[in-house]
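Structural features, examined
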Amino acid sequence: MHQENRLPRNAKEGLLFGTIISTLTVIFMTSLNIILSFGEFNGEVALTILKALPIIWVIVMIIEPTIFGRIAEALVKKFTKPTDSFNSKILFRILFTVLGMSAAMTLIGDIVGNGFRMEIFSNWLTNWPRNFAIVLIAESLVIQPIARFAMVKLHESQDGKAQAEAVVSTK
């Protein structure tokens, strides 16, 4: 049976795949949102980004696989057929994950950065559509392809080692 080399084959690879995607997304979106909030980039902004990154990363690493990843997988199964292409399934998965994660993280990011206050909901209404569009494009065109490329390279290495071991064991 053909194994898909662009996706994780086991839980350990799934963790690596998710970590690559989450880390790249967190770095990009946290930096972007903080820079937009300050209106410039300087030493103070860089320090704020560095302070926020670990907090946001931990939150993302918890809520993506436990909440939004599961919802996205269920929705992909609902809206696609087994005969649909790899790309259509991946695009639906990205769309559903980004929809949930951008909505949640726009709210959570504002709370982490500014505390809980009344403007949080009006800020969310303003910031979420922008965040959704930006992260959807970034995930589709840059971040997910990087993670899939890493999986392909990992699987090529594993398959090469397995072939070399098979040759040695037959001698």
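Residues numbered from 1 in each chain as written. Predicted model: local features only at pLDDT ≥ 70, side-chain atom pairs only at ≥ 80, totals over all residues. Heavy atoms only, no water.

1. Regarding helix H3 (residues 86-114)
Taking 1.5 Å per residue, 29 residues should reach 42 Å; H3 reaches 40 Å between its end C-alpha atoms and fits that length. The positive-phi residue at the C-terminal boundary of H3 is Gly 115, with phi of around 80°. (Helix = DSSP H or I, 4+ residues; strand = E, 2+ residues; numbered from the N terminus. Expected span 1.5 Å × (residues − 1).)

2. Some details on the packing of aromatic side chains
Counted by the stated rule, this structure contains six aromatic pairs. Here Phe 79 and Phe 92 contribute two aromatic rings whose centre-to-centre distance is 6.4 Å and whose plane-to-plane angle is 15°, an arrangement assigned as stacked. Here the residue Phe 79 occupies a position in helix H2 (residues 43-79), and Phe 92 occupies one in helix H3, the gap between them amounting to 13 residues. When its relative accessible area of 47% is taken as the criterion, Phe 79 is described as partly exposed. Seen in terms of ring centroids, Phe 79 and Phe 96 are 5.7 Å apart; in terms of plane orientation they differ by 40°. Their pairing is tilted. Residue Phe 79 is located in helix H2, and its partner Phe 96 is located in helix H3; the two are separated by 17 residues in the primary sequence. (Phe/Tyr/Trp six-rings, centres within 6.5 Å; stacked < 30°, edge-to-face > 60°. Buried < 20%, exposed > 50% of the residue type's maximum accessible area, 1.4 Å probe, protein only.)

3. Quick word on the nonpolar core
Nonpolar side chains in soluble globular proteins tend to end up buried together. Counting 13 residues, the largest nonpolar core has Val 60, Ile 63, Met 101 and Met 105 as the members making the most contacts within it. Of all elements in the fold, only helix H1 (11-38), H2 and H3 reach the threshold of two or more residues within this core. Looking at this core element by element, the count peaks at eight residues for H2. For Val 60, the residues in contact, after removing those within four places along its chain, are Ser 22, Val 26, Pro 65, Met 101 and Met 105. (Core = buried A, V, L, I, M, F, W, Y, C linked by side-chain atoms within 4.5 Å. Contact = heavy atoms within 4.5 Å.)

These figures come from the coordinates and say nothing about function on their own.
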